Amino acid sequence: MSHEDQVEAAVAAPTTQPTAPPEAGVTDVASSATGAADGVAADSTAGDAMVESPSPAAAAASTTATPMPLSRQLSFLTGWRRSQQGGTPGSSATAAAGATPDAPNAPADSDAAVSASPPPPSQPPVTPAAALVADDSSAAQFILARLDEQGRGGGASVSSGFGAITAQLRSGLASVGYGVVASGGKGDDEDDEANTAGGSGQLADDDDAEVDWDFWGKVTNGYEEVARRQPRLLARRLQRGIPAAIRGSVWVLMAGAKSLELEATYRGLLAKPFPGGGDEGRQVRKDLAGMFEGHEYFAQQGGSGQESLFNVLKAYALRDPDVGYCQSIAYIAAPLLLNMPDEEAFCVLDKLMHSYGFRDLFVKGASGLQLRVYQFGRLLEDLYPAIAKHLETHEVRSDLYASQWFTTIFAYRLPLDQVIRILDILFAEGIEALFRFALALLQRNQAALQSLTEGEPLVAFLRTRALDAFAAADSMDAFVRHAAAQPVSKRRLDDLAREHAAERLRTDPDRVAAAALRAENRRLTDALAGLEAAYQALNDEHMALGREQ
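Thresholds, definitions, all that
Residues numbered from 1 in each chain as written. Predicted model: local features only at pLDDT ≥ 70, side-chain atom pairs only at ≥ 80, totals over all residues. Heavy atoms only, no water. Core = buried A, V, L, I, M, F, W, Y, C linked by side-chain atoms within 4.5 Å. Buried < 20%, exposed > 50% of the residue type's maximum accessible area, 1.4 Å probe, protein only. Contact = heavy atoms within 4.5 Å. Helix = DSSP H or I, 4+ residues; strand = E, 2+ residues; numbered from the N terminus. Axes fitted to C-alpha atoms, helices over the stretch in contact; angles between N-to-C directions. Parallel < 35°, antiparallel > 145°, perpendicular 65-115°, else oblique. Nonpolar A, V, L, I, M, F, W, Y, C, P; charged D, E, K, R; others polar. Salt bridge = Lys/Arg side-chain N within 4 Å of Asp/Glu carboxyl O. pLDDT = per-residue confidence, 0-100.

One finds Phe 358, Phe 376, Tyr 401, Trp 405, Phe 410 and Phe 427 to be the most contacted residues of the largest nonpolar core, which totals 128 residues. In this structure Trp 405 touches Phe 376, Phe 410, Tyr 412, Ala 438, Leu 441, Leu 442, Leu 462 and Leu 467, once residues within four positions along its chain are discounted.

The element helix H9 (residues 247–255) is largely enclosed, with a buried count of nine among its nine residues. Looking one or two residues beyond H9, the residue adopting positive phi is Gly 256, at roughly 60°.

The residue Glu 395 is not glycine, and still its phi comes out positive at about 55°. Within the secondary structure, Glu 395 is located in the loop between helix H17 (385–393) and helix H18 (399–408). The exposure class assigned to Glu 395 is exposed, which follows from its relative accessible area of 67%. Positive phi values are uncommon outside glycine, yet Ile 409 reaches one of about 55°. Relative to the assigned elements, Ile 409 resides in the loop between H18 and helix H19 (416–429).

Right, let's talk about the packing of H18 against helix H22 (residues 455–463) for a bit. Interaxial distance between H18 and H22 falls to 9 Å at its minimum, and their mutual angle equals 10°. Looking at the two axes, H18 sits roughly parallel to H22. For the pair formed by H18 and H22, the contact residues are Leu 400, Tyr 401, Gln 404 and Trp 405 on the first element and Val 459, Leu 462 and Arg 463 on the second. The residue makeup of the contact of H18 with H22, split by class, is five nonpolar, one polar and one charged.

Taken as a whole and assessed by the stated rule, the structure comprises 23 salt bridges. One salt bridge in this structure joins Arg 237 and Asp 212, with 3.0 Å as the shortest N-O distance. A residue pair is termed long-range when its members are at least 10 positions apart, and Arg 237 in helix H8 (residues 231–240) and Asp 212 in the loop between strand E2 (202–203) and helix H6 (213–221) qualify at 25 residues. For Asp 212, a relative accessible area of 27% gives the class partly exposed. Between Arg 359 and Asp 322 there is a salt bridge whose closest N-O contact spans 3.7 Å. Of this pair, Arg 359 sits in the loop between helix H15 (342–354) and helix H16 (367–383) while Asp 322 sits in the loop between helix H13 (304–319) and helix H14 (327–337), placing them 37 residues apart in sequence. If you follow the salt bridges from partner to partner, you end up with Asp 148, Glu 224 and Arg 228 in one network.

For the rest of this paragraph, the subject is the confidence of the model for the protein. In this model, the protein carries an average pLDDT of 73, and 63% of its residues clear a pLDDT of 70 or more. The element-level mean pLDDT for the protein is lowest in strand E1 (residues 196–197), coming to 36, with H15 highest at 97. Scored below 50 in pLDDT, residues 13–130 shows 323 contacts in the model against residues more than four places distant or in partner chains. Per-residue pLDDT stays below 50 along residues 190–208; that stretch engages in 37 contacts with residues further than four places along the chain or on separate chains.

What follows is the structure, given as structure tokens:
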């Protein structure tokens, strides 16, 4: 049985009640700090649960270039210098160069299942940007909580990572005659009125806006200070996209992933054989050959893209044998390799797995996946009860489709340049950012979903064509805006995490069996005490009769 089959078996236990989680091992869920920003979405109740993880399917993607650190730095330096001289810096908030197919390829079997059902009505137009109000306060909460988690979990290694990459960028600035951008700026979390609609948090339609190189210079010079002092402004900038020229370096900064020691470990792991031997390695290469057929960098068998991806997956499987090789991890590693060298991509992947919680999606028992799907099902009931009720009526649990969204960051279906935009936000806010994108997909497809009245076509649609609502090359900004407007709060997710942990403790089969044994032991102990008391009474009576005679 493959690793992914084991994960699927571990999380696929169906439940009859919406709030009953699957029978699995106990998971301790530590709640994260709430953070200092304003705004918390209202609490609510009811939900859906757990998890049958489908296997990821091959999908086309877009980005064709692989920016390297030197070129990213030079591009950034040129744009920043122009901005200081009053010129027009180059702008790009998207991924590296390349055309994106408007309709990415999808698994044939899933599309066939959808086409067998009545065709959904044409999609309603995307809500105009002016009507979408970004929940900046909640985004700021997640950014601040993510920093706190890095401080607790990473300690000195996080600080040294920030220092190493910042020193690298500052050295590059100085080496070509540019001054180092001073950190700081306006007071705590400036309103940035010029870049919002009326200062209300509405996202401005700024597709043609120039890149704010001064802001991104401050980020590269001191990410943590910018994130703590101006989390809402940072959230809005990330929603517009990190400039492609510095994206890889900013990702490393946000993740705290710079580690010369881990890079050396990566090079050492490459010299070792693939875990499981040659057959396992051949299977991985076969998987990679079919995953990104429409993507120029990863399409060529034996090409540099596939080799880099193979090396990163091999090294991680050797470093973390409890997870090993899992095909879904390739969808997470691929967009990293489009923005940084192999060794940095390996370090960032390691951070995503261990610090951001992705590892818990893949380990035996898939405790993290169970938690995320549980939280998502409850959020769906909170925010879109009509959709939740429709899916429940046709016995479509959220685990039947959302698990694939979380384990691949939607990359099994979305073009990679769009996945890169999601990662821009995820690196700052954490894995919880995926909830807003998932909710945006369901909101956008509500009419189509309600037109389908059988469970199988609904599941097939959610796994495939639902993601096509934002799959066009020019739709990513709309996807981000819709996601940013979803009112998901840190407090609500923490409450749901505690609720899920308590429910698992209550229903875990091992604990239930242990409780039953303890109850039986108490019953037998009481019975034994009763027998001993009766025996003592009989003995006393016998002794009394003997004395009378």
